[in-house]
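Residue-level listing of the chains:
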Amino acid sequence: MTPSCLIVGAGMSGLTAATALQERGWDVVLLDKGRGLGGRMATRRFAGSSFDHGAQFFTVRDSRFREAVARWESHNVVMPWFTDGGHVRYRGISGMTSLTKHLAKSLDVRSETKVQRVKPGHEGWCVVTETGERFHADALLLTAPAPQSADILADCAEQLPPEILITLRSIDFDPCFALLATLEAASCIPAPGYLRIDNGPIEWIADNTRKGISTGPAALTIHASADFSRRHLESPQDEVAALMLAAARIWLGVNVAAWQLHLWRHSKPLVEPRPPFLFTSQPAPLAIAGDAFAGSRIEGAFLSGLSAADKISTGVL
């Protein structure tokens, strides 16, 4: 019989693992609670402009990732943006979701499907969604942020090796406020449209117009520092936006036409030395992957998903 796998989360790790397993003849279904795909590889339309409001780019170090990026370039999905510190920064052709949409084209992805709990059985896993829908598969791969994966596994904790949940619950994330702002005229952000500040409330600013994914005078993505974001998690949105705009004023140059605030609650994992994924065959084949395991970059998420797929395909059959 054809082996099957359910994957929770359609970000880079989940999409990479799904592609690898499907190429090896597996039946794969991805479940994602969001309306869109890609997790923090997110592009949003607001006030007539386009914004990459999560990850802005990715770099390449590993040969396996380099091969994948070369394929994506050949399909006109990604392109070099700029080079810094000896590493090329790549971006999606029309935003970071260009890549995730490309990866998802041949996959069975169920969006707006929130997993409520999972149950192991003698023949694999049963996944139950918030609406009561049930999915069954031989293997299960969780790629959601570690706290969310821990919650999903809570009902079957006694059936799992204790180190699985201990590891998941030990992983912490920095939050990050992302402020999207359109301006009445061009910004003061120099070419190529990215400025790292690392001082005070602001970590970096990107101008999506200079970046080449938006039209109009200026469409800025302003990311707050982890410290600022933690201190203002419960603050009113107007207050957070005002503080961020005040800190970025010198780089705006002109009046803000419109703004929108988004909170990435699990923005960046506080990465410690960990294996590229977690795996157990008891009580049924389960893998857990994501950027918290193989590095907090997009490349790390890719490598984690690929490694988990390798293990699943050899550990189940």
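As a reminder, the structure under discussion sits directly above these lines.
Nothing here was measured: the structure is a model prediction, and the numbers come from that model. (Residues numbered from 1 in each chain as written. Predicted model: local features only at pLDDT ≥ 70, side-chain atom pairs only at ≥ 80, totals over all residues. Heavy atoms only, no water.)

Enquirer: Tell me about the overall build of the chain, residues and numbers included.
Expert: Within the chain, the secondary structure is distributed over eleven helices and 18 strands. Relative to the globule expectation of 20 Å for 317 residues, the C-alpha radius of gyration of the chain, 20 Å, shows essentially globular dimensions. Expressed along its principal axes, the backbone C-alpha trace of the chain runs to roughly 65 × 45 × 35 Å. Burial statistics for the chain: of 317 residues in total, 52% are counted as buried. Carbon and sulfur atoms make up 49% of the accessible area of the chain, which totals about 14,200 Å². Separation between the mean location of the 31 positive side-chain charges and that of the 32 negative ones in the chain comes to 3 Å. (Helix = DSSP H or I, 4+ residues; strand = E, 2+ residues; numbered from the N terminus. Rg over C-alpha atoms; globule rule 2.2 N^0.38 Å. Buried < 20%, exposed > 50% of the residue type's maximum accessible area, 1.4 Å probe, protein only. Areas by Shrake-Rupley, 256 points an atom, 1.4 Å probe, with all protein chains shown as cover. Lys, Arg positive; Asp, Glu negative; His and termini not counted. Charge placed at Lys NZ, Arg CZ, Asp CG, Glu CD.)

Enquirer: Describe the environment of Ala-289, listing the residues and the values that go with them.
Expert: The topology assignment puts Ala-289 in the loop between strand S18 (286–288) and helix H10 (291–294). Sequence spacing of Ala-289 and Ser-304 is 15 residues, and the spatial spacing of their C-alpha atoms is 5.5 Å. Residues in contact with Ala-289, not counting those within four places in the same chain, are Ser-13, Leu-141, Leu-142, Thr-143, Phe-277, Ser-304, Gly-305 and Ala-308. (Contact = heavy atoms within 4.5 Å.)

Enquirer: Let's hear about the sheet that holds strand S11 (residues 139–142): which residues, and what values?
Expert: Read across the sheet, six strands follow the order S7-S2-S1-S11-S18-S17 without closing on themselves; strand pairing throughout is mixed. Unpaired on one side and paired on the other, strand S7 (108–110) and strand S17 (278–280) mark the two borders of the sheet. The mean angle between the axes of side-by-side strands here comes to 15°, regardless of whether they run parallel or antiparallel. Both strand S1 (residues 4–8) and strand S2 (residues 27–31) contribute to a ladder of five bridges, which runs parallel. Bridge assignment links Cys-5 to a residue of S2, and that residue is Val-28. (Pairing = 2+ DSSP bridges. Axes fitted to C-alpha atoms, helices over the stretch in contact; angles between N-to-C directions.)

Enquirer: Give a detailed account of the state of the cysteines, specifying residues and quantitative values.
Expert: Think of a disulfide as a covalent bridge from one cysteine sulfur atom to another cysteine sulfur atom. Counted under the stated rule, the structure contains zero disulfides. Not part of a disulfide, Cys-156 finds its nearest cysteine sulfur in Cys-126, a span of 11 Å. On the basis of relative accessible area, Cys-156 is assigned to the buried category, the value being 3%. (Disulfide = S-S within 2.5 Å.)

Enquirer: Run through the nonpolar core, naming residues and quoting values.
Expert: Core analysis: the biggest nonpolar cluster contains 40 residues, and Met-12, Phe-58, Trp-72, Leu-99 and Leu-141 have the highest contact counts within it. Contributions of two or more residues to this core are made by S1, helix H1 (12–23), S2, helix H2 (63–74), helix H3 (97–104), S11 and helix H11 (298–315). At eight residues, the largest contribution of residues to this core is made by H11. The residues touching Trp-72, leaving out its near neighbours within four places in the chain, are Met-12, Phe-58, Phe-65, Val-77, Val-78, Leu-99, His-102, Leu-103 and Phe-302. In this structure, Ala-146, Leu-153, Ile-164 and Leu-168 belong to the second largest nonpolar core, which totals 29 residues. (Core = buried A, V, L, I, M, F, W, Y, C linked by side-chain atoms within 4.5 Å.)

Enquirer: Provide a residue-level description of the packing of aromatic side chains, including the pertinent values.
Expert: Tallying each qualifying case throughout the model produces 14 aromatic pairs. With a centroid separation of 6.0 Å and 80° between ring planes, the pair formed by Phe-57 and Phe-82 is classed as edge-to-face. In this pair, Phe-57 is assigned in the loop between strand S4 (49–52) and H2 and Phe-82 in strand S5 (residues 78–84), connecting sequence segments 25 residues apart. The pair formed by Phe-57 and Phe-82 is uniform in burial state, with each residue classed as buried. Taking the centre distance of 5.8 Å and the plane angle of 75° together, the rings of Phe-65 and Trp-72 count as edge-to-face. Taking the ring centre of Trp-81 as reference, the NZ or CZ of Lys-211 above it sits at 4.5 Å. (Phe/Tyr/Trp six-rings, centres within 6.5 Å; stacked < 30°, edge-to-face > 60°. Lys NZ or Arg CZ within 6 Å of the ring centre and 35° of its normal.)

No statement about biological role is implied by the geometric values presented.
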